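# Overview (structure and organization)
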Amino acid sequence: MSKRYTITAALPYTNGPIHIGHLAGVYIPADIYSRYLRSQGHDVAFICGSDEHGVAISLKAKKEGKTPQEIIDHYDALIRSSFEAFGISFDNYSRTSRAIHHKTAQEIFQVLHEKGVFEEKTTAQLYDPEAKQFLADRFVIGTCPICQNQEAYGDQCESCGSSLNATELINPQSTLSGAKPEYKETKHWYLPLDRYSEFITKWILEGHKNDWKPNVYGQVKSWVDSGLQPRAVTRDLDWGIPVPLIDATGKVLYVWFDAPIGYISSTKEWAEKIGKDWKPYWCDSETQLIHFIGKDNIVFHCIIFPVMLHATGQYILPENVPANEFLNLEGQKISTSKNWAVWLHEYLEAFPQQQDVLRYVLIANAPETKDNDFTWEEFQARNNNELVAIFGNFVNRVFVLTHKYFEGRVPDLKTLYPEDNLTLASLQTIPIQYSESVEKFRFREASQHLIQLARVGNKYLADTEPWKLIKTDPDRVSTILNTALQLTTALSILSTHILPFTSEKLQKMLRLNSKIDLWNSLISGKELLSPNHQIEMASLLFEKIDDAQMDFQREKLKNTEKGAASISLSIAPEKPNIDPKVFNELQLKVGQIIAAEKVPKTKKLMKLSLEVGQEVHSVVSGIAEDYEPELLIGKKVTWLSNLASRTLKGVESKGMILLGENEEGKLVFVSPEDSNTHTGLDIN
RNA sequence: CGCGAGGUAGAGCAGUGGUAGCUCGUCGGGCUCAUAACCCGAAGGUCGCAGGUUCGAGUCCUGCCCUCGCUACCA
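Structural notes, computed from the coordinates. (Residues numbered from 1 in each chain as written. Chains lettered and ligands numbered in written order. Predicted model: local features only at pLDDT ≥ 70, side-chain atom pairs only at ≥ 80, totals over all residues. Heavy atoms only, no water.)

Time to look at the sheet that holds strand 16 (residues 372–374). Read from one edge of the open sheet, 3 strands run 15-14-16, paired in mixed fashion. Edge strands, defined here as strands with exactly one partner in the open sheet, are strand 15 (332–333) and strand 16. In this structure, strand 14 (residues 327–329) lies alongside strand 15, joined through 2 bridges in antiparallel fashion. What sits directly across from Leu-329, in strand 15, is Gln-332. (Pairing = 2+ DSSP bridges. Helix = DSSP H or I, 4+ residues; strand = E, 2+ residues; numbered from the N terminus.)

Printed below as a string of structure tokens:
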């Protein structure tokens, strides 16, 4: 029976291009699922769009001396075209900067406001008087009151790991202008999540205990157990959707309030274009709503957005939120700022017409249950050993044999032997297993069922050996090749979701004209190609990828990483001049490390014994992530000796070892002769 | 620190109480229609560690270790 589905894929944020992590985590699974549902005859709206609001874009614009509009136009165009070229089959890809979205988001805000859902609160927040802006915690830096790190953020000190309030920082500074933030009162609207705790508990914790993924369920449970808090849904900012109330000038909707509404406005835009009613896709309880996201988005899609939808009293809730974990690249976290990524638009240029290879590799190794690693070595191996050797080679064998023995016409099916029946049976059983996997969002498993079908084909040919029988029993060969051709056709149907470009090419080679109901013919065991049907000459579906190409990609990664490093090799801004007396108050000495050990239960802290003249002092330093204890022994360092002692994690620390942070984010000791340092390095 | 997920052959994964499995890689053999492709076979695991429950534990319980993530702006 045909059902209605609304499938959403996380809105990409338009401050950077799309990389393989986005694809493996969200877009390829969502695309496969949508294509699958369509081939089953379901009514599918596969919805996405660019997320174009928020502080990050406004900041990036300021930094690059552009307008936010220029930034979003650039990335929206890039993202849009690379999705298109990659075959992500969105029914609509919109933008949150469009009028229809502004209107939709404001309407939903209005509805919630009129229903009295929001709480209004006036609080004092940090304000930058020079930039004339309120500051998010992240945009205030200052000295950590706990470890004296001078670059602690308003919410957390990354050196000692303590969580902080921006108010606790010593000498707070705005990262926008360098000005000293002051307090200013401001009014905001809060979504009282705490009042919906029971709703979330019943709906997810009780209702979806067994059908949602453990990582998603666990995350939600963790939020609910720790007590949901009211959350502000407005911000004082100049970039975003204006809050549609008279007493809210200068305020915009919080980006996380407006972004998920983008799914709805994108659906509206699509429905208008094709003359449909959008409402059933969001308001009809028969519709299945599925959100594809990455794990960092769980709270928004499982708690905040559903509460918003629920509170309006008009919308349906997601049936499932199959969030994936993260993909690493060559053993390291993918990082946009460090340029450690494989960008989709660059892949498309480097590997033209090979979209399916990346689709296959990423889905075969999708981070479904835990973080996974993408390596070019694996990319090459999967292409050469699976797509080329198993899938492509089987198809090629069948085409070559059919032309060699039957002039490219499908031969008759004569007497069926047990091995023929066995093979034909798998044309039904494998698609059924494949379907089960897809319906459970187990795409990695589904890709293995697909390749399994090609394996069955290779084995069938190896077992029956038609090239030997042709001399003695041409009738038998006729049956074998008919069977092999049915299998090839089945392969072209089963691969439509994961390998859409390949599937299309193969169907052209087979001259498969009617595309209607291919899936049904497949699982009902109908004859897929009739005798005497003429097929095209063989052409290769996949090509081998050689070592040189892979070396080139690996080299490129290294170089772009270096390139990014040289850009970020920035010189810290000058601080105001100080009185020489202040400097004289600092006591700096050279010390030598004579012992080092990690402080237990911490990530970064290392306990060092420092020999200074005749004395030995104990100093705790946040360098454990960058240095092995053994390598530190014997090292001479610059030591600030008259900093008041303090105790970190139960270990007394006297003074402070001077360190700089280099372009790779690695802490280096201040020894100007060292190759790790560069001129202009900020010492602290 | 708290919370969540993960830790199973060289690599990537499946396996929720009953003789440890799949794919890739490795080694050996077969085949020659095919993109030096394909098919068969073998080697390779104290299932993170330590206790416990049970006739029986990868699977349940307890403690610990390691990796990743979340802690409210990175998929």
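Once that is clear, we can look at the packing of aromatic side chains. Counting across every chain of the model gives 33 aromatic pairs. Ring geometry for Phe-83 versus Phe-90: centroids 5.2 Å apart, planes at 85°, classification edge-to-face. Of the residues examined, Phe-83 reaches a relative accessible area of 1% and is grouped as buried. What links up through ring pairs into an aromatic cluster is the set Tyr-27, Phe-46, Phe-83, Phe-90 and Tyr-93. Between the NZ or CZ atom of Arg-235 and the centre of the ring of Tyr-254, over which it lies, the distance is 3.9 Å. (Phe/Tyr/Trp six-rings, centres within 6.5 Å; stacked < 30°, edge-to-face > 60°. Buried < 20%, exposed > 50% of the residue type's maximum accessible area, 1.4 Å probe, protein only. Lys NZ or Arg CZ within 6 Å of the ring centre and 35° of its normal.)

To continue, consider the protein's contact with RNA strand B. With respect to spatial proximity, 57 residues lie near RNA strand B, and among them Arg-231, Tyr-254, Gly-294, Asp-371 and Asn-372 are the closest. Of what RNA strand B places within 4 Å of the protein, 74% of the atoms are sugar or phosphate. Contact distances for RNA strand B include 2.9 Å between a phosphate oxygen and a side-chain N or O atom of Asn-385. Elements with a contribution of two residues or more to the surface near RNA strand B: helix 1 (20–39), helix 6 (214–225), helix 12 (376–406), helix 14 (443–464) and helix 15 (466–469). The dominant element in the surface near RNA strand B, judged by the number of residues it contributes, is helix 12, at 12 residues. (Near = heavy atom within 4 Å. Polar contact = N/O pair within 3.5 Å; in protein donor to acceptor, adjacent residues only side chain to side chain.)

This brings us to the packing of helix 12 against helix 16 (residues 474–494). Packing of helix 12 against helix 16 brings their axes to within 10 Å, and their N-to-C directions diverge by 140°. Here helix 12 lies oblique to helix 16, going by the angle between them. Once helix 12 is placed against helix 16, the crossing between them reads as left-handed. Contacts between helix 12 and helix 16 involve Phe-391, Phe-394, Val-395, Val-398, Phe-399, Leu-401, Thr-402, Tyr-405 and Phe-406 on the former and, on the latter, Pro-474, Val-477, Ser-478, Leu-481, Ala-484, Leu-485, Leu-487, Thr-488 and Leu-491. Looking at side-chain class alone, the contact of helix 12 with helix 16 contains 15 nonpolar, 3 polar and no charged residues. (Axes fitted to C-alpha atoms, helices over the stretch in contact; angles between N-to-C directions. Parallel < 35°, antiparallel > 145°, perpendicular 65-115°, else oblique. Left-handed = near helix turned anticlockwise from the far one by under 90°. Contact = heavy atoms within 4.5 Å. Nonpolar A, V, L, I, M, F, W, Y, C, P; charged D, E, K, R; others polar.)

Right, let's get into the sheet that holds strand 1 (residues 4–9). Taken together, the 4 strands give an open sheet; going across it, the order is 3-2-1-13, and neighbouring strands pair in parallel fashion. Looking at strand neighbours, the two that pair on one side only are strand 3 (92–95) and strand 13 (288–292), the edges of this open sheet. Going from strand to strand, the sheet's axes swing by 20° on average, the running direction of each strand aside. Sheet topology places strand 2 (residues 43–50) next to strand 3; 4 bridges connect them, and they run parallel. Across the sheet, the residue bridging to Cys-48 is Tyr-93, located in strand 3.

This part takes up the state of the cysteines. The tally for this structure, following the rule as stated, stands at 0 disulfides. Unpaired in terms of disulfides, Cys-283 finds its nearest cysteine sulfur in Cys-302, a separation of 20 Å. Given the relative accessible area of 27%, Cys-283 is considered partly exposed. Note on Cys-302: no disulfide assigned, nearest cysteine sulfur contributed by Cys-48 at a separation of 17 Å. (Disulfide = S-S within 2.5 Å.)

What follows concerns the environment of Lys-3. Here Lys-3 lies in the segment before strand 1. Overall, the relative accessible area of 36% leaves Lys-3 in the partly exposed class. Considering only alpha carbons, one finds Lys-3 and Val-44, 41 residues apart in sequence, at a separation of 8.3 Å. Setting aside chain neighbours within four positions, we find Lys-3 in contact with His-42, Asp-43 and Gln-288.

Quick look at the environment of Pro-500 now. Structurally, Pro-500 can be placed in helix 17 (residues 500–509). We classify Pro-500 as buried; its relative accessible area is 9%. Note: C-alpha distance between Pro-500 and Ser-89 (411 residues apart in sequence) is 9.9 Å.

Let us look at helix 9 (residues 298–312). With 15 residues, helix 9 extends 21 Å from end C-alpha to end C-alpha; this agrees with the ideal 21 Å at 1.5 Å per step. Most pronounced at Pro-306, the bend in helix 9 amounts to some 30°. Most of helix 9 sits inside the fold, with 14 of its 15 residues counted as buried. (Expected span 1.5 Å × (residues − 1). Bend = angle between axes of the 7 residues up to and from the residue.)

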